[in-house]
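So you can see what is in the structure, the chains are spelled out below.
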Amino acid sequence: MADETELLHGTLDTLVLKILSWGPRHGYGIARWIQQTTDDALRVEEGSLYPALYRMERKGWIEAEWGLSETRRKVKYYHLTRAGRARLALELAQWQRFSTAVGKILRAT
């Protein structure tokens, strides 16, 4: 079976878009939320997260602006654009179809 890193790689954009649908976050906050919410089952390394954020920014799905973190450090906060919300809706629909199909195979006797 694929390890968590391989599985996460294929879904990282979707996870980030979903997290940002609840409001702006900085990169470390995104990574920490994923790790905490999954009880450490998924960890996103900087080497994966920031290239994904830059790629999504280039595609127009997210925008960034500088602000201060909770610890008063200068950080980039990312938020969804209209195109990002549309992309998230598409990704969620695709994920639902995929997970339903895989579920059918795993339940087959």
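1. Re helix 4 (residues 82–107)
Here helix 4 spans 38 Å end to end across 26 residues, near enough to the 38 Å set by a 1.5 Å rise per residue. Restricting attention to buried positions, one finds in helix 4 the residues G84, L88, E91 and G103.

2. A few points about the pairing of strand 2 (residues 62–68)
Taken together, the seven bridges between strand 2 and strand 3 (residues 74–80) define a ladder with antiparallel strand orientation. Bridging from a neighbouring strand, E63 pairs with H79 of strand 3. In this structure, the hairpin formed by strand 2 and strand 3 is closed by a connection of five residues, where R72 is found at a positive phi of approximately 70°.

3. Some remarks on the pairing of strand 3
Both strand 1 (residues 25–26) and strand 3 contribute to a ladder of two bridges, which runs antiparallel. Across the sheet, the residue bridging to R25 is Y78, located in strand 3.

Parameters at a glance
Residues numbered from 1 in each chain as written. Predicted model: local features only at pLDDT ≥ 70, side-chain atom pairs only at ≥ 80, totals over all residues. Heavy atoms only, no water. Helix = DSSP H or I, 4+ residues; strand = E, 2+ residues; numbered from the N terminus. Expected span 1.5 Å × (residues − 1). Buried < 20%, exposed > 50% of the residue type's maximum accessible area, 1.4 Å probe, protein only. Pairing = 2+ DSSP bridges.

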